[in-house]
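Each chain is listed here by its residues.
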Amino acid sequence: MAQPVLTIDLDAIAANWRALAALGHAEAGAVVKADAYGLGAERVAPALARAGARRFFVAETTEGARLRGILGPEPEIFILTGHMAGDAAGLRDAALTPMLASPEQAHRHLAALPGHPFGIQLDTGMNRLGLKEADWRALVPALMAARPKLILGHLACADEPGHAMNAAQLKRFRQMTGGIDVPRSFAATGGILLGPDYHFDLTRPGVGLYGGAPFTEARAVVRLSLPVVQVRQVAEGETVGYGNAWTAARPARVAALAAGYADGLHRSLAGRARVFAGDTACPLVGRVSMDLIAVDVTDLAEVPDAFDILGPHQGIDELAAAAGTIGYEMLTALGPRYARRYTGGPA
């Protein structure tokens, strides 16, 4: 059957969490939003819990409720988009902790779920989510009286260690939280790598768990193998694929592989990416179509049954660079048609 295989190494994810957790004295949580960055929260989150993670972060309440069903009652699960309208029952029933991000959310939560745990997001300059300083100062008495579990900030440029924004946001976060006795969290993967000044009480490793930059010491987590559907001879001067986008400059052999943009392999990879037969790279030719990509295999002595587009010679960030995007998008775009195989974890 011509089905691509996505192999996910749970032991590598656990090892990456332990490595990031060891970089400072703060407790390390784990970000498993977007179905654990597309890799399957039902397998990834328990592996992280076994590694020692006790606090998890997801984007919204539905994700949190699903994660509660996976992990059981013990871990703390934070909702990064906060308490949205209509969320009260879901937050209460799944024992989720929303990170309140606006005055409206603060008023909504304190009115709808008095006594229910919550955290607070502060805006230190990213201008995305979080309370601005004036709103925060006005709400401090009411929020502190309700005893928040966590105060969170988010760095805009943590993947650029020398960027002036990092120090400016750190200074603002310290100013906004000085004298307040509540655990603080400021660093995701990039922030962890900036050093202990950014760690505070709880870190939030995310993409680094899954093998992505800027955690260059991460163990590789994913391997994606694409089966060969057909190999054909192409004469010099003939074209391949939609729009006649590639013309053979010599007699060639071209293999059609079973994956395309419906599977998260961006059309922008055409003419820029490679796949691997063992250690040998073969270039994509022609356009990426919905279900197929074409590869020039002329120089191979023998064509294998499948090629790796993600693996030991090309990680998510290298493939993302070929597509003109980032590893986060490449991971979360990996489609549902792959046969997913998990290695590691409990026997």
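Calculation notes
- Residues numbered from 1 in each chain as written.
- Predicted model: local features only at pLDDT ≥ 70, side-chain atom pairs only at ≥ 80, totals over all residues.
- Heavy atoms only, no water.
- Helix = DSSP H or I, 4+ residues; strand = E, 2+ residues; numbered from the N terminus.
- Buried < 20%, exposed > 50% of the residue type's maximum accessible area, 1.4 Å probe, protein only.
- Contact = heavy atoms within 4.5 Å.
- Pairing = 2+ DSSP bridges.
- 1 Å grid on protein atoms, 1.4 Å probe; cavity = no way out; pocket = protein on both sides within 12 Å on 5 of 7 lines; lining within 4 Å.
- Points joined across faces, edges and corners; volume = space filled by probe spheres on them.
- Core = buried A, V, L, I, M, F, W, Y, C linked by side-chain atoms within 4.5 Å.
- Expected span 1.5 Å × (residues − 1).
- Phe/Tyr/Trp six-rings, centres within 6.5 Å; stacked < 30°, edge-to-face > 60°.

Draft legend 1. Main features of the overall build of the chain. For the chain, the helix and strand inventory stands at 11 helices and 19 strands. A principal-axis box enclosing the C-alpha atoms of the chain has dimensions of 75 × 45 × 35 Å. For the chain, the proportion of its 347 residues judged to be buried stands at 52%. Put simply, 63% of the contacts in the chain that link residues at least 6 apart link residues at least 24 apart.

Draft legend 2. Representation of the sheet that holds strand 4 (residues 55–58) within the structure. In spatial order, the strands read 3-4-5-6-7-8-9; together these 7 strands make up an open sheet with parallel pairing. Each end of this open sheet is capped by a strand with a single partner; those strands are strand 3 (30–31) and strand 9 (184–185).

Draft legend 3. Representation of the layout of surface pockets in the model. Reported here for the largest pocket is a volume of approximately 880 Å³. What lines the largest pocket is a set of 39 residues, among which Lys33, Arg128, His154, Ala188 and Tyr328 lie closest to the centre. Counting residues per element, the ones that place at least two in the lining of the largest pocket are helix 2 (33–37), helix 9 (189–194) and helix 11 (327–332).

Draft legend 4. Local environment of the nonpolar core. By size, the foremost hydrophobic cluster in this structure holds 100 residues, and its most contacted members are Leu48, Phe56, Trp136 and Tyr210. The element contributing the most residues to this core is helix 3 (residues 41–51), with 7 residues. Aside from chain neighbours lying at most four places away, what touches Leu48 is Ile13, Trp17, Ala30, Val32, Ala53, Phe56, Leu209 and Tyr210.

Draft legend 5. Helix 8 (residues 164–177), seen in detail. Over its 14 residues, helix 8 runs 20 Å from end to end, which matches the ideal 20 Å to within 8%, given 1.5 Å per residue. Its buried side turned inward, helix 8 meets helix 7 (133–145), strand 8 (151–152), strand 9 and helix 9. A positive backbone phi angle near 80° is found at Gly179, which sits one or two residues after helix 8.

Draft legend 6. Quick look at the pairing of strand 16 (residues 280–285). Alignment of strand 15 (residues 274–277) against strand 16, held across 4 bridges, turns out to be antiparallel. Bridged to Ala277 within strand 16 is Thr280. Counting the residues that bridge the hairpin from strand 15 to strand 16 gives 2 residues, and of these Gly278 lies at a positive phi of roughly 65°. Relative to strand 17 (residues 293–296), strand 16 is paired through 2 bridges, and the arrangement is antiparallel. By the bridge assignment, Leu284 is partnered in strand 17 with Val295.

Draft legend 7. Molecular detail of the packing of aromatic side chains. Per the stated rule, a full pass over the model turns up 7 aromatic pairs. With a centroid separation of 5.1 Å and 80° between ring planes, the pair formed by Phe173 and Phe200 is classed as edge-to-face. Note that Phe173 is positioned in helix 8 and Phe200 in the loop between helix 9 and strand 10 (202–203), a separation of 27 residues in sequence. In this structure Phe173 comes out as buried when scored by relative accessible area, which is 0%.

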